[in-house]
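Chain by chain, the residues:
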Amino acid sequence: MRRADLARYGAAALAGAALALSFPPRTLWWLAVPAFVVLWLALKGARARRAAGLGFVFGLVFFLPHLLWIEHFLGTEFGPAPWLALSAIMALFVCAALALFPLVSRLPAAPVWAASLFVLQETARGLVPFNGFPWGRVAFGQVDGPFGQLAVIGGAPLVTFAVVLTGFGLAAWLPRVRAGWAVVPFAAALAAGPLVAVDAQNGQRTVAVVQGNAPDIGLGLLNSQDTLRANHLRKTAELTALIRGGALPKPDLVVWPESATRTRDRDPVIDRAVDDLGVPVLVSGLRGGENSVIGWHPGTGAGESYAKQELVPFAEHIPLRPLARLVTPFADQQDLRAGTEPGVLDIANTRVGVGICYEVAYDYVLRESAAAGAQLLVVPTNNAWYGRGEMTYQQLAMARLRAVEHGRAVVVAAISGVSAVVRPDGSVVQSTGMFTDALMVDSVPLRSDVTFATRFGGVIHVLFTAGAFGACLVALWSRRRARAEAESLPR
């Protein structure tokens, strides 16, 4: 391989590493912009095959550290194969998108169309295969910077587009008089700040989170359901005692994390715990083959519930079972049933939107909840499988972006941390540590205004997809026309 080629691939790898470092728990959000500056320079002048290779290197170097928590989860039993395979599959989406880079790079405003291609591959990753894996979207690393404010207008797709366009634009236009255009997305992000509202429109609710904790034993949690249930019942009893003693204010609503218990329609033990508490509880657990959040009320017991719609492939539903046995310990378990209704529950005189764990990465789940009138969003999650890695911080960043996107406070209830109370501007009011039991009680504003992103988020996805495909079609048409004109000239 020539030295120039090595330099290109080295630059692509450097760009991927910089993008990985831009994500929480670090607050280096700004590193994403130079990452895409370097990526553009690496791609400049490359043909399709080389651009695809550069895209794969960029994607792989990004995803390997970003998804390292999977190695902690499965590595003791299955080795690094699942982590390496998933990282490589995700990198292939970047590879496919950037293979089209040479096609659009000759168009006017080329950075715009190249950034659209990058958004397109993020969209595709969230759809296929097996309902996709939308982890690692550029937008999820921007919650601590001004670009994140654009979520109120266009959700995660617009945030990703703005970041990538800024980097690509700086690289393409900085040597030219059009350099000023490269900072337009950043200026737009700053201008979006006043649209991110935090005031209470429908009063406030005091919400408590019960984090019962789990042992840090990875796959051993498969046999620890009784421990998880006991931990959360014990911590709920502690909350009751603290309220009665005046050490904590009485909340309006209590939230349990995902997988805190297994239960049925009738559960006398939870009935007694909720009756003693005297406060409605969102109980998150497995019930009747569904991963559910159940509204549990003092005196009346279990009420309406929400069933998780986006089940985790190779964990909660198992495609390709013979192959799955090579990469997951869940291969012989029965599939859970996916819910079909939006996550909205009426409890504690509040319309609460719910997205369970993995669902916070999908745009439509909490968008449907907010559009259906949710005044507060709740995200119960179980991150205990993944040890002390970055997964819980990555997921909290997604919840923070959803807060901005929909103009709602978000309560994250994690079984072993990090649990958090998030304001509608994405700022964290209160949070817990990892692998510790904890109680959080805080007041959150209730809001009912519907943001532009909530109302038109689905349309925005379509527009970015259409823009990317349209640019490719125009580029193909222009190329064929140029060839036809060249062939028609006298020789």
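Residues numbered from 1 in each chain as written. Predicted model: local features only at pLDDT ≥ 70, side-chain atom pairs only at ≥ 80, totals over all residues. Heavy atoms only, no water.

**Regarding the overall build of the protein**
Assigned secondary structure in the protein consists of 15 helices and 13 strands. What you see for the protein is a C-alpha radius of gyration of 24 Å, in line with the 23 Å of a compact globule of 491 residues. Every one of the 491 residues in the protein was classed for burial, and the buried ones make up 57%. Long-range pairs, those at least 24 residues apart, make up 70% of the contacts in the protein between residues at least 6 apart in sequence. Put simply, the protein shows about 19800 Å² of open surface, and 60% of that area lies on carbon and sulfur atoms. The centroid of the 42 positive side-chain charges in the protein is displaced by 12 Å from the centroid of its 35 negative side-chain charges. (Helix = DSSP H or I, 4+ residues; strand = E, 2+ residues; numbered from the N terminus. Rg over C-alpha atoms; globule rule 2.2 N^0.38 Å. Buried < 20%, exposed > 50% of the residue type's maximum accessible area, 1.4 Å probe, protein only. Contact = heavy atoms within 4.5 Å. Areas by Shrake-Rupley, 256 points an atom, 1.4 Å probe, with all protein chains shown as cover. Lys, Arg positive; Asp, Glu negative; His and termini not counted. Charge placed at Lys NZ, Arg CZ, Asp CG, Glu CD.)

**Quick look at the UniProt feature "domain: CN hydrolase" (unreviewed entry) in the protein**
The feature "domain: CN hydrolase" (unreviewed entry), as given by UniProt, occupies residues 205-446 in the numbering adopted here. Along residues 205-446 one finds 24% helix and 29% strand; the C-alpha atoms at either end are 7 Å apart. (UniProt positions renumbered as here; feature names shortened; annotations may be inferred.)

**Looking at empty space enclosed by the protein**
Taken as a whole and judged by the stated rule, the model has 1 cavity of 30 Å³ or more. Estimates place the volume of the largest cavity at around 40 Å³. Around the largest cavity sit Leu-19, Phe-58, Phe-62, Phe-63, Val-94, Phe-118, Gln-121, Glu-122, Arg-125, Gly-136 and Val-138, which together line it. Elements with a minimum of two residues in the lining of the largest cavity: helix 3 (48-66) and helix 7 (110-125). The leading source of residues in the lining of the largest cavity is helix 7, at 4 residues. Residues belonging to the lining of the largest cavity are distributed by class as follows: 7 nonpolar, 2 polar and 2 charged. (1 Å grid on protein atoms, 1.4 Å probe; cavity = no way out; pocket = protein on both sides within 12 Å on 5 of 7 lines; lining within 4 Å. Points joined across faces, edges and corners; volume = space filled by probe spheres on them. Nonpolar A, V, L, I, M, F, W, Y, C, P; charged D, E, K, R; others polar.)

**A look at the packing of aromatic side chains**
The way to describe two aromatic rings as a pair is by their centre distance and the angle between their planes. Counted according to the given criterion, the structure contains 23 aromatic pairs. An angle of 70 degrees between the planes, with centres 5.6 Å apart, marks the rings of Phe-147 and Phe-186 as edge-to-face. Pair noted here: Phe-147 is in the loop between helix 7 and helix 8 (151-173) and Phe-186 is in helix 9 (residues 184-191), with a separation of 39 residues, a long-range link. Its relative accessible area of 1% is what places Phe-147 among the buried residues. A ring pair is formed by Tyr-358 and Tyr-362, whose centres lie 5.4 Å apart and whose planes are at 75 degrees; its orientation type is edge-to-face. We note that Tyr-358, like Tyr-362, is buried. Of the aromatic side chains, those joined through ring pairs into one cluster are Trp-69, Phe-73, Phe-133, Trp-135, Phe-330, Tyr-358, Tyr-362, Trp-385 and Tyr-386. (Phe/Tyr/Trp six-rings, centres within 6.5 Å; stacked < 30°, edge-to-face > 60°.)

**What to know about the layout of surface pockets**
In this model, the largest pocket occupies a volume close to 1400 Å³. Contributing to the lining of the largest pocket are 49 residues, with Val-312, Pro-313, Phe-314, Ala-315 and Glu-316 lying nearest its centre. Among the secondary structure elements, those contributing two or more residues to the lining of the largest pocket are helix 4 (68-78), helix 5 (81-98), helix 10 (225-244) and strand 4 (281-287). Counting only domains with at least three residues in the lining of the largest pocket, you end up with domain 1 (3-196 + 454-487) and domain 2 (203-448). (Domains from an automatic or database assignment.)

**Looking at the sheet that holds strand 8 (residues 350-354)**
With mixed pairing, 6 strands are arranged side by side in an open sheet as 7-8-9-10-11-12. What marks the edges here is a single partner per strand, and that holds for strand 7 (344-347) and strand 12 (428-431). Neighbour to neighbour, the strand axes of the sheet diverge by 20 degrees on average, direction disregarded. Sheet topology places strand 11 (residues 420-422) next to strand 12; 3 bridges connect them, and they run antiparallel. Of the residues in strand 12, the one forming a bridge with Val-421 is Gln-430. Lying on the sheet, helix 13 (residues 363-371) is in contact with strand 7, strand 8 and strand 9 (376-381); it crosses strand 8 at an angle near 170 degrees. (Pairing = 2+ DSSP bridges. Axes fitted to C-alpha atoms, helices over the stretch in contact; angles between N-to-C directions.)

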